[in-house]
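Commentary on secondary and tertiary structure
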Amino acid sequence: MKDMMPNFNLVQPSDVESAANILAEAGENGWAMAGGQDSLDWFKDRIKRPTTVVDLSGIEALTGIREMADGGVEIGAMTTLTDVENNAVIKEKFGLLASAEARVASPQIRNKGTLGGNISQDARCWYYRSGIDCYRAGGTTCYADTPEGMNREHCLFGASRCVAVSPSDTAIALTSLDASMVIQNSSGETVVAAADYFIGPAIDIENMTILKPGDILTAIRIPATWAGADFYFEKIADRNTWDFALVNIATAMKMNGNIIEDIRITCGAVECVPKRLNVVEDIVRGSERNEDTANLGAGAAARGAVPLNYNHFKIPLMENLVRKALRG
Amino acid sequence: MQKKFSSDRFDPLSTVRDALSRRHFIKGVIAAGTVAGAAGLVTGCSDSSDSSGGAAGSVERLITVNVNGKARPVDVMPNETLAHTLRNKLGLTGTKIGCDRGSCGACTVMIDGVTNNSCSVLTHTLRGANVITVEGVGGANGELHPIQQAMIEELAPQCGFCTPGQVVSGVSLLQRNPNPTREEVRYALAGNLCRCGAYNNYVDAIVKAAGSA
Amino acid sequence: MAEKLMGKNFTPQDVRAKVTGTGKYTEDFRVDGMCYVKMLNCPMPSANVTIVDTSEALAMDGVLGILTSDDVPPNPAPGFPILSNEPRQLGQPILAIAAETESIAAEALEKVKLTYEAQPFSLDPLQSLYPGGPDALTEGNFVKSRSESPVSHKWSARDFAVAGEENMPMGEPGMEWNVGDVDAAFTDAAYVIDESFVVASSTHQALEPRSTLSYWENGKCFIYGSSQSQSWMMPGLASMMQVPLSDIVYIAEFCGGGFGAKASPYPTMGIPAYMSKKINRPCMLRITRAEEYHIGGSRPGFQGQLKVGFDKAGKVTAIDCYIVQSNGPNNGSGDYSAAAGALALVYTPTNMRFRGMPVFTNKPYIISQRGPGQNQIACIMEPFMDRAAKQLGIDRIMIREINAPDHDVVFSNRKSTVTSSYLRDALIMGSEKFNWKEKIKLSGKRNGTKVIGIGVGQAYHSAGSNGFDGLVTIRPDGKLYIHSGVGNLGTYSYASASRIAAETLGCSWENTVIERGDSRRGLPWVLAQFGSNTTFTTTRTNFAAANAAKDKLKEIAAMDLGGTAEDYEVDNETVFLKSDPAKVMTFAQAATRAIELGGVYDGHEYPDDLHDVTKAAMAHVQGVGLVGVSKDKMPKEGSVPALATGYAMIEVDTETGKYEILEYTSTVDCGTVMHPQSLDQQIRGGGVMGMGMASTDRMVYDPQNGLCATVGLYQTKAPSILDVPSTMDVGAVDKPDPQSPAGVKGVGEPVMGCAAAAILSAIADATGTNFNRTPVDPDMIVNAMAGRPQSYKPLQVNI
């Protein structure tokens, strides 16, 4: 009985204020749709059933990439992944994000899917997606975190009843670039750091971002801080296209000669949020970039991991990816 | 640290012992399904049907869709995908639905020159954009596109179900990059699954067409 | 001289429709008054269902009717009914609703009130075989033969205890055979491997879901389906719909892939057909991708123990193999038995014991997939061959040559023979093409964290049958019509196997028409398009029909132009007197005369030994021209082996568990090459599928509640274009099989198995790890390279 969407009212505002007002009015029954690549799946599964769907694709102010005075960029949340990937400024200054975009899903999805949508997509835990009453769906059980749960793709860190992971490739790049997110609702605009935008189950088990009903992510700002830095992105997935990461990594490094002056390391698919590896950063900052440093950093990468039955391979995989990134 | 590894004894009986608790679990699943249905009723969204139309504030259903160079007026439901509109309302069944989830690319069309999975686009979001389907890639008098001709010569299709999508992805590539390398062709086709595994042949054909186009 | 068609490239008639999108697959048909049907699928692995109340659903505007198990014929266990209130697998259809639109049907299904009484279920055969373990069916977990009822078959706790954790428990088998003295042979062997293994179940993942359109007209049941086969479908559909053969019209011009899962009629075909009968409207049942995973069948998984003994020279002297096969809740397939046959033929063991135990599980019903059984066992046995070669100091190609079967091979308990075997030639050709001697020097070569692995794989499938019917007509328009009962599964065998008829009758290909895809076109009885048999089977039937037509051409010419039939020859679309070619009749003239003559000449009379399907087809061709119809009565002895070899060079990143296939070569023994382009295409396509089988194809079930984790293409992970090499080198031995009039054999199945085996062989070579498991995922390689335990138990399944 799947694959037939229930009906809904589709509203197509042309400005953010109208969109915010409609969503505020609709409350829990509203749904802000960006590129629709995740939204339509939920509708077709007849699991998420909003009555009012607000199509954000007609709001021109939400697309485009603007250079900012400080040398950073502001990317409209509705800019497609392809447009971000092919943007000259992004390629030149923030190649880390372009590399991440290139590994998202498939060309067709990158052509339609948006940066805002990609970082705000919902958990890919297959139990949750099957529509059962797990914690994330408002129930009182986690089916993945059981002795027999099939949890190969699930988390190593930060479990709190739910063990789903952050599925986004771009989210880890943006985290390593110290990006911030611009959120608008009917009462105004707020700007939050990436670290605050993504939230784990301990904070809100039903949402992976701080977006509340009525909120619209309007833009992503990347400061100049890491422009032109030494970047490393790698995504390990079963398939080389249209797959979610088993583990991915995005690092930004400022080098002084062969000394790592400053660094950001973020891993995905190991926690419900992008996992910033502050400890590894602290260990390697100021060190020479070589095999010894790489091994030292790698050894600390997965400290504190609490593996499930089928995902403990993510520990060596994470360590190895950190090693690769640091080794360069 | 690790909860359970292969050192654990194989104990089929544990599952047998769990049969009773499993039964309770399953009832939970079904109850949840019922709740979802009930929630739908409360919000009214499952009351609607194809005959109901959108409520106040929603989109107009009668719109014009530009497909293969023609303006086509069509009655479109708010929740209707482009693949559905093309196949069931405009008679363009060359666009195939392999998964309806953007996972296979059989429904690939060009929207303003860019490939999209038409199963994952609401028709109402087109807003006058130009849609090109496999029926529209050839010449005005039915001439084949060089990619189509090359696919015939290379015997690229096997079962043929993914072929329209492969053609459209190839045409879109040549429009933006008339002389792609083999690697570039592979990346352009990366969203088009072929279970018959005819990938080599599709790439051969597009490389050949690029050379002759 | 007749135009030589066999062995040459040509463009099959349906390719253009595929590249233009005009080819009509089931969902592309529209019929006046067509409504839509949607199914209610069981949300748990086993349940007893009570339909409590359908009134609210049926009261909805636009709802046209409901179909329940009461409306369709029963099919007692272990048959697979069309609809059932006792579903024994996740997703099994319980009921269906017809409505004006699919949206309405979907909503109506949500309003149906049912209760589910959950039943114990089994997803793991070993669990089911354990004392007290759950049986998948109410009646049991095993059936000895299709005609018997299921029984509950258990092993003793001692069987399990003796085996321990690593090895396969081996209780009383469902099937056993012995050749020679295995125990003595193992005692004498220079090297013995004896280990347990797992081959995972996998789904076919054809890109076109198996939708069906059906309506009734003048008492006839019209069915438009997605099937690999055409005429083969007819008796099964007639039986399913409980009507005479002549009342079934079956249309299947195009099929978006089947790989075994659409070879025969499937239960959901009956849903729109019975619904249409009930509500008197044309009914379209579109199958969704998620539904396809449940009701589309799957390849059975194996859990087993394989013990192989070698002498010093590398000859396999003994094989002892035990396979437990995971069936669905239905009859299943003979994969386990076919696997034994493959071991017996490809490695020619002098002594062999085989034990097999098929067990019902509450998983998708089992249906053969490309290389059923043979491909699974190739994935396990080929890496064993490598280990023996290394242990005994023999080249890995050489050890395969040493064991390869000759033409006079006698194998298995049935003392089977083959029509021809050029496996050794394929090995020599392939290893030269691949440049094995140089490549093997790169084995284990490290480049940073990456290491090279070299692999080789072989696979076999019995690929040919006989005794079916051929039918051709020559019509007053002067053209030859080849009536093909073959389905269009994408291999183009319907076309290439037809060409022998044109060649035999001296007819140009331009003047040849293939009639196919619609039973009203007069399509004769042939075997299903499974098992790579079509090439062998239907070149014979088409040859037989062409010869029947040839005889009639000569007889008509002799009648009108004098002399006897033997004095005439047929060529260039004419029949002429050998001694005086000026005495000639064109095909058009002969066809007109045949119609005048009637009787055997225009198909009003025909041999009695034809199959009922062919006899029913005759009604559509009688009087259209000269009719050549015949059963294939040419002698055939032995199995028709399709044999394939694959060679892979991969580079494994020991830190990520990912590998790149740098090179892949595959060479085959398929007899004479019939159609070079489609052969190349089959080898490459099978190679891609094999690469998926070895690596990422997944079918994951939660053992606690029987839910399936893999119901989308991004979850089951068929290989994408970026997961396979950009080019592949292919070749064929191209030596004729003596029992085919064209020298041809099929080869579509083993080209998958040899690729999977070659990749697994290369992974073992690069990593030095014996996984004894298919597929090998990146996480397994990461764990192995990091020296960590794997997350699964040795014989665990559904992961």
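Position labels on residues start from 1 in each chain and follow its written sequence. Chains and ligands are labelled sequentially in the order written, the chains with letters from A and the ligands with numbers from 1. Confidence filtering applies because this is a predicted model: local features only for residues at pLDDT of at least 70, side-chain atom pairs given and counted only at 80 or more, and all residues used for totals across whole chains, interfaces and linings.

Overview of the overall build of chain C
Summing up its helical and strand segments, chain C has 23 helices and 29 strands in all. Along the three orthogonal principal directions, the C-alpha set of chain C runs to about 85 × 70 × 50 Å. Burial is judged by counting the other C-beta atoms within 10 Å of a residue's own C-beta: 20 or more makes it buried, 12 or fewer makes it exposed, and any count in between marks it as partly exposed, with every C-beta position built from the backbone. Counting every position in chain C, which comprises 799 residues, the buried fraction comes to 67%. Sequence separation of 24 or more characterises 79% of the internal contacts of chain C that already satisfy a separation of 6 or more. Under the DSSP-based scheme used, a helix requires at least four consecutive residues in state H or I and a strand at least two consecutive residues in state E, with every element numbered from the N terminus. Contact definition: two residues whose C-beta atoms, as placed from backbone geometry, lie within 7 Å.

Observations concerning the overall build of chain A
In terms of helices and strands, chain A carries 13 helices and 12 strands. Here the radius of gyration uses the C-alpha set of atoms, whereas the globule reference equals 2.2 Å times the residue count to the power 0.38. Here chain A has a C-alpha radius of gyration of 19 Å; the compact-globule value for 328 residues is 20 Å, and the two agree. Judged by the C-alpha coordinates and their principal axes, chain A covers about 60 × 55 × 35 Å. Per-residue burial for chain A yields a buried fraction of 66% across its 328 residues. Of all intrachain contacts in chain A linking residues separated by at least 6 positions in sequence, the fraction that spans at least 24 positions is 64%.

With respect to the environment of C:P676
Checked against the element boundaries, C:P676 lands in helix α20 (residues 676–694). Looking at C:P676, the number of C-beta atoms within 10 Å reads 16, which means it is partly exposed.

Things to note about the interface of chain C and chain B
Each side of the interface is counted separately: chain C has 72 residues, and chain B has 58 residues. For the side of chain C that touches chain B, the elements supplying multiple residues, two or more each, are α1 (15–20), α3 (102–111), β5 (113–118), α4 (125–129), α20 and α21 (713–716) of chain C. When residues of the side of chain C that touches chain B are assigned to their parent elements, the largest contribution, 9 residues, is made by α20(C). Residues are grouped as follows: Ala, Val, Leu, Ile, Met, Phe, Trp, Tyr, Cys and Pro are nonpolar; Asp, Glu, Lys and Arg are charged; every other residue, Gly included, is polar. Looking at the side of chain C that touches chain B residue by residue, the classes come out as 30 nonpolar, 31 polar and 11 charged.

Quick word on the domain arrangement of chain C
All names here are of chain C. Partitioning chain C into domains gives domain 1 (17–119 + 208–256 + 262–295), domain 2 (299–464 + 638–785) and domain 3 (467–631). Boundaries of every domain are those given by an automatic assignment or by a domain database. Each of domain 1 and domain 2 has a C-alpha centre, and these two points are 36 Å apart. Counting residues at the interface gives 13 residues for domain 1 and 16 residues for domain 2. Within the side of domain 1 that touches domain 2, the residues separate by chemical class into 7 nonpolar, 4 polar and 2 charged.

Notes on the nonpolar core
Membership of the largest hydrophobic core comes to 440 residues, with the highest contact counts inside it found for A:V247, A:V322, C:L343, C:A590 and C:I759. In terms of residues, this core owes the most to one element, helix α22 (residues 750–767) of chain C, which gives 13 residues. Those residues in contact with C:I759 that lie beyond four places of it in its chain are C:G455, C:A648, C:I650, C:I661, C:M691, C:A694 and C:S695. The term nonpolar core refers to a set of buried Ala, Val, Leu, Ile, Met, Phe, Trp, Tyr and Cys residues connected through C-beta atoms within 7 Å.

Focus: the sheet that holds strand β21 (residues 512–515) of chain C
Residue and element names in this part refer to chain C. Pairing in this open sheet of 4 strands is mixed, and the strands run β21-β20-β19-β25 from one edge to the other. Each edge of the sheet is formed by a strand with only one pairing partner; in this case those strands are β21 and β25 (626–631). Neighbouring strand axes in the sheet, compared pairwise and without regard to direction, differ in orientation by 20° on average. Pairing between strands is defined by DSSP: at least two bridges between the two strands are required. Where strand β19 (residues 469–474) meets β25, 6 bridges bridge the pair, whose relative direction is antiparallel. Across the sheet, the residue bridging to T473 is V627, located in β25. For helices, the fitted line uses only the C-alpha atoms of the stretch in contact; every axis is such a line through C-alpha atoms, and the angle between N-to-C directions lies from 0 to 180 degrees. Taken strand by strand, helix α17 (residues 534–561) contacts β19, β20 (480–483) and β25, and its axis lies near 135° from that of β25.

Thoughts on the packing of α20(C) against α22(C)
When two helices pack together, their arrangement is given by the angle between their axes and by how far apart the axes lie. All names here are of chain C. Their axes nearest at 7 Å, the elements α20 and α22 cross at an angle of 45°. As far as their axial angle goes, α22 and α20 are oblique. The two elements α20 and α22 meet at a crossing, and its hand is right-handed. Residues Q682, I683, G686, G687, M689, G690, M691, M693 and A694 of α20 pack against V751, M752, G753, C754, A755, A756, I759 and L760 of α22. Looking at the contact of α20 with α22, its residues break down into 12 nonpolar, 5 polar and no charged. The scheme is simple: roughly parallel for angles under 35 degrees, roughly antiparallel for over 145, roughly perpendicular for 65 to 115, oblique for anything else. Crossings are assigned a handedness: left-handed for a near helix turned anticlockwise from the far helix by less than a right angle, right-handed for a clockwise turn.

Regarding the sheet that holds strand β24 (residues 580–586) of chain C
Residues and elements named next belong to chain C. Ordered in space as β22-β23-β24, the 3 strands form an open sheet in which the pairing is antiparallel. Looking along the sheet, the strands with just one partner apiece sit at the ends: β22 (568–571) and β24. Between one strand and the next, the sheet's axes are offset by a mean angle of 30°, whatever the strand orientation. Of the strands in this sheet, β22, β23 (574–577) and β24 are in contact with α17, which crosses β22 at around 125°. Those strands touched by helix α18 (residues 587–597) are β23 and β24, and its axis lies near 60° from that of β24.

Focus on the packing of helix α12 (residues 291–301) of chain A against helix α13 (residues 314–327) of chain A
Residues and elements named next belong to chain A. Look at α12 against α13: their axes get within 8 Å of each other, and the N-to-C directions meet at 150°. As the angle between them shows, α12 and α13 are arranged roughly antiparallel. Read as a crossing pair, α12 and α13 show a hand that is right-handed. Contacts between α12 and α13 involve E291, T293, A294, N295, G297, A298, G299 and A301 on the former and, on the latter, M318, E319, N320, V322, R323, L326 and R327.

Quick word on the domain arrangement of chain A
What the domain assignment lists for chain A is domain 1 (9–57) and domain 2 (229–327). The distance between the C-alpha centroids of domain 1 of chain A and domain 2 of chain A comes to 36 Å.

What to know about the confidence of the model for chain C
In regions of low pLDDT, the predicted coordinates are not meant to be interpreted in detail. The predictor reports its confidence for every residue as pLDDT, a score running from 0 up to 100. This prediction gives chain C a mean pLDDT of 97; 100% of its residues lie at or above 70. Scoring of the predicted complex yields 0.95 for pTM and 0.97 for ipTM.

Remarks on the environment of B:A83
All names here are of chain B. Mapped onto the fold, A83 is located in helix α3 (residues 82–89). Judged by C-beta crowding, with 25 C-beta atoms within 10 Å, A83 ranks as buried. Sequence-wise, A83 and D100 are 17 residues apart; in three dimensions their C-alpha atoms are separated by 8.6 Å. Residues within four places of A83 in sequence aside, it is in contact with T95, I97, C107, S118 and C119.

Here we look at the pairing of strand β1 (residues 62–67) of chain B
Residue and element names in this part refer to chain B. Of the pairings in the sheet, the one linking β1 to strand β2 (residues 70–75) comprises 6 bridges and is antiparallel in character. Note on β2: the bridge partner recorded for L62 is D75. Between β1 and β2, which pair antiparallel one after the other, the connecting turn spans 2 residues, and N68 there sits at a positive phi close to 50°.

Section: α3(B)
Residues and elements named next belong to chain B. Most of α3 is tucked away: 6 of the 8 residues are buried. Along α3, the residues that are buried comprise L82, A83, H84, T85, L86 and R87. For α3, the secondary structure elements touched by its buried residues are β1, β2 and β3 (108–111). Just beyond α3, the residue with positive phi is G91, at close to 70°.

Quick look at the environment of A:D282
Residues and elements named next belong to chain A. As for its placement among the helices and strands, D282 is situated in helix α11 (residues 278–284). According to the C-beta neighbour criterion, D282 is exposed, with 12 such atoms within 10 Å. A sequence separation of 20 residues divides D282 from D262, and the C-alpha atoms of the two residues are 9.0 Å apart.

Let's talk about unusual backbone geometry
With an omega dihedral of 0°, the bond running from C:A77 to C:P78 counts as a cis peptide bond. Mapped onto the elements of the fold, C:P78 is located in the loop between β3 (63–67) and β4 (93–99). Following C:T774, the chain continues into C:P775 via a peptide bond in cis, with omega recorded as 0°. Here C:P775 lies in the loop between β29 (773–774) and α23 (778–785). Positioned with a positive phi, A:R46 is a non-glycine residue whose angle comes to about 60°. By the secondary structure assignment, A:R46 is in the loop between α2 (39–44) and β3 (52–55). The class of A:R46 is buried, set by 24 C-beta atoms lying within 10 Å. Of note, A:D178 is a non-glycine position whose phi angle comes to about 60°, a positive value. Structurally, the position occupied by A:D178 is in the loop between α9 (170–176) and β6 (180–185).

Describing helix α13 (residues 423–434) of chain C
Between its first and last C-alpha, α13(C) extends 16 Å over 12 residues, near the 16 Å set by a 1.5 Å rise per residue. For α13(C), the full list of buried residues reads C:L423, C:A426, C:L427, C:M429, C:G430, C:S431 and C:F434. Between the first and last residue of a helix there are one fewer steps than residues, each counted as 1.5 Å, and that sum is the expected span.

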